[in-house]
Amino acid sequence: MSKIYDVIVLGAGPGGLAAGLYAGRSRLSVLIIEKGQDGGQIAITDEIENYPGQVSGDSGPALIARMTEQCEKFNAERVSDTIKEVDLTSEIKTVKTVSGEYQAKNIIIATGAYSRPIGCKNEAEYVGKGISFCATCDANFFEDFEVYVVGGGDSAVEEAMYLTKFARKVTLIHRRDELRAAKSIQEKAFANPKMNFIWDSTVEEVGGDEILTWMTLKNKKTGEITKIEADPEDGMFGLFGFIGTIPNSDLYKGQIKMDERGYIPTDDDMHCTTPDGGELKGVYAVGDIRVKSLRQVVTAAADGAIAAIQVERSMSDYF
Ligand code: NAP
C-alpha cells in the first residue's frame, strides 16, 4: 500500500509553499504536488516590492526559490506532476496524477487563479514587457508613463484609479459604452482628471521592439481600427488587463462548495465545505483560489500557514 501522508498540498505558489513550510515544521509528513515551476503567478513577476522584508530589486522567482528551499529544509517532499483527479470526500483523500496516485489524511488546495488574458494578437510576447495583470505589483514601473487599462468592472476601474497615482495619464479601454463597475467607483473615476476613456473598443494586436510600443484597437460599433503608439520620449507604455480572473478549481467541482465563478469560500481557518455547505473534514483551500478581497503573496502565505496549523491541531490529541 502506498504511503498515507498527513497532508498533501496541491500547488506550489506562495500559499502552497507556506503550507508546506508550516506543515514540515510541525513534523507532519507533507507532499507538495506542482505541475509546473514553483511560484504560480509570482514566477512570472520580475520584481516584488510589496512582500514584507523583501530584498529591494529581488525577483519573484528568487523569493520563491527561498520559499522552496525553506520547505525542503523542513522535509516537505515535492513532486512535479499533473493532477488529473481528486477524491476529497473520503476519510483518506486520494490524488491521481499523470504518473501515480497519492493519499493523505488532509488536503490543502493551493492551485490558485490566473488572470483572463486580454485576448489580443502577440499578447504572450509582451507580458512583463509592458503588459501586466497586477497594478499593485507593477504600477511603480510606470511612474510618469502613459498607461492603458482594459476592462470595465470594479477591478479595472479601481486598479486604473490606483495607477493614476503613478502614471501621468491612464486610459480605460472598455468593450461597451458603459462601465460594469459600481456607480460609486465610476463617479470617482469620471471625476479624476488623469482618467480617460475609450469606449466600445477591444485591443486587437500589440507590438514593439522588445518592449510594448504600439497597439491597435477595434471599435466594436464601427469596425474602425486605430493604432496607438508610445510617446517617443517615453519609448513605451503600459497595458494592464483586468477582465476577470479564472480560478484553477475545475478539479474539485461537485466535491466542495464554490461560488458561481469557481472560487472556494472558506472559514477563517481555511476549511472547505461540501457543495451544500456541510462539514468536510480535512480539506482546506488557501491563496488566490479562495473567495477573498486581496490576492497577494502576503495573503496567500498567511492562508497557507493557517491551514497547515489547523491540520496539525486536528491531528493532535493535546487540543
Ligand atoms: P468582472 O466584474 O467580471 O468584470 C470584468 C470586466 O471585463 C467587465 O467589464 C467585462 O465587460 C470585461 N470583459 C470581460 N471579458 C472581456 C473580454 N474578453 N474583452 C474585453 N473586456 C472583457 O471582473 P472584476 O472587475 O475582476 O470583478 C470580479 C468580482 O469582484 C466582481 O463581482 C466585482 O464586483 C468584485 N470586485 C469588487 C471590488 C470592490 O467591491 N471594491 C473590487 C474588485 C472586484 P462587460 O462589462 O462588457 O461584460
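Residues numbered from 1 in each chain as written. Predicted model: local features only at pLDDT ≥ 70, side-chain atom pairs only at ≥ 80, totals over all residues. Heavy atoms only, no water.

A. The arrangement of the domain arrangement of the chain in detail. Split by domain assignment, the chain resolves into domain 1 (4-115 + 245-318) and domain 2 (123-241). Here the C-alpha centre of domain 2 lies 32 Å away from the C-alpha centre of domain 1. Each side of the interface is counted separately: domain 1 has six residues, and domain 2 has seven residues. When the two sides are added together, the surface that domain 1 and domain 2 hide from each other amounts to roughly 600 Å², 50% of it contributed by carbon and sulfur. Across the contact surface, domain 1 and domain 2 share zero salt bridges. (Domains from an automatic or database assignment. Contact = heavy atoms within 4.5 Å. Buried area = accessible area lost by both parts, 1.4 Å probe. Salt bridge = Lys/Arg side-chain N within 4 Å of Asp/Glu carboxyl O.)

B. Examining helix α7 (residues 297-315) more closely. Taking 1.5 Å of rise per residue, the 19 residues of α7 would be expected to cover 27 Å, and the 27 Å separating its terminal C-alpha atoms lies within 8% of that figure. The complete set of buried residues in α7 reads Val297, Thr299, Ala300, Ala301, Asp303, Gly304, Ala305, Ala307, Ala308, Gln310, Val311 and Glu312. Elements that come into contact with the buried residues of α7 comprise β1 (4-10), α1 (14-25), α2 (60-73), β6 (101-109), β17 (271-273) and β18 (279-285). (Helix = DSSP H or I, 4+ residues; strand = E, 2+ residues; numbered from the N terminus. Expected span 1.5 Å × (residues − 1). Buried < 20%, exposed > 50% of the residue type's maximum accessible area, 1.4 Å probe, protein only.)

C. Structural context of the sheet that holds strand β12 (residues 201-207). Judged by pairing direction, the sheet is antiparallel, and its three strands sit side by side in the order β12-β13-β14 without closing on themselves. Among the strands making up the open sheet, the edge pair consists of β12 and β14 (225-229). In this sheet, adjacent strand axes meet at a mean angle of 25° when their direction is disregarded. (Pairing = 2+ DSSP bridges. Axes fitted to C-alpha atoms, helices over the stretch in contact; angles between N-to-C directions.)

D. Region of interest: the environment of Glu279. Within the element layout of this structure, Glu279 appears in strand β18. When its relative accessible area of 66% is taken as the criterion, Glu279 is described as exposed.

E. Seen up close, the state of the cysteines. Considering all chains together, one arrives at one disulfide under this definition. The cysteine Cys120 is free of any disulfide, with Cys134 supplying the nearest cysteine sulfur at 18 Å. Look at Cys120 and you get buried, because its relative accessible area is 8%. We note that Cys272 lacks a disulfide partner, and the nearest cysteine sulfur, in Cys71, lies 20 Å from it. Given a relative accessible area of 2%, Cys272 falls into the buried group. (Disulfide = S-S within 2.5 Å.)

F. Geometry of the environment of Leu10. Looking at the element boundaries, Leu10 is found in strand β1. Taking the C-alpha atoms as reference points, Leu10 and Val95, 85 residues apart in sequence, are found 9.1 Å from one another. Dropping the residues within four chain positions of it, Leu10 is found in contact with Ile33, Ile83, Val86, Val95, Ile107, Ile108, Ile109, Ala110, Thr111 and Tyr252.

G. Spatial organisation of the side chain of Glu159. Within the element layout of this structure, Glu159 appears in helix α5 (residues 154-163). Arg295 provides the closest opposite charge to the buried, salt-bridge-free Glu159, at an N-O distance of 10.0 Å. Ignoring sequence-local partners within four residues, the contact set of Glu159 consists of Ala135, Thr136 and Phe242. (Lys, Arg positive; Asp, Glu negative; His and termini not counted.)

H. Fine view of the environment of Ala62. One can find Ala62 in helix α2. In this structure Ala62 comes out as partly exposed when scored by relative accessible area, which is 23%. Distance in space between the C-alpha atoms of Ala62 and Ile42 is 9.8 Å, their sequence separation being 20 residues.

I. Quick look at a positive patch on the surface. A grouping of Arg116, Arg175, Arg180, Lys218 and Lys220 is seen on the molecular surface, where their side chains present a positively charged patch. The residue Lys218 is located in strand β13 (residues 214-219) in this model. Given a relative accessible area of 33%, Lys218 falls into the partly exposed group. (Patch = residues over 30% accessible without salt bridge, like charges linked within 9 Å, V, L, I, M, F, W, Y side chains within 5 Å. Areas by Shrake-Rupley, 256 points an atom, 1.4 Å probe, with all protein chains shown as cover. Charge placed at Lys NZ, Arg CZ, Asp CG, Glu CD.)

J. View of the pattern of salt bridges. Under the criterion given, the structure shown has 13 salt bridges. Residues Lys105 and Asp6 are paired through a salt bridge, measuring 3.6 Å at the closest nitrogen-oxygen approach. With Lys105 in strand β6 and Asp6 in strand β1, this residue pair connects regions lying 99 residues apart in the sequence. The exposure class of Asp6 is buried, given its relative accessible area of 13%. In this structure, Glu146 and Arg168 form a salt bridge, with 3.8 Å as the shortest nitrogen-oxygen distance. With Glu146 in strand β9 (residues 146-150) and Arg168 in the loop between α5 and β10 (169-173), this residue pair connects regions lying 22 residues apart in the sequence. Classification of Arg168 by relative accessible area gives partly exposed; the value is 31%.

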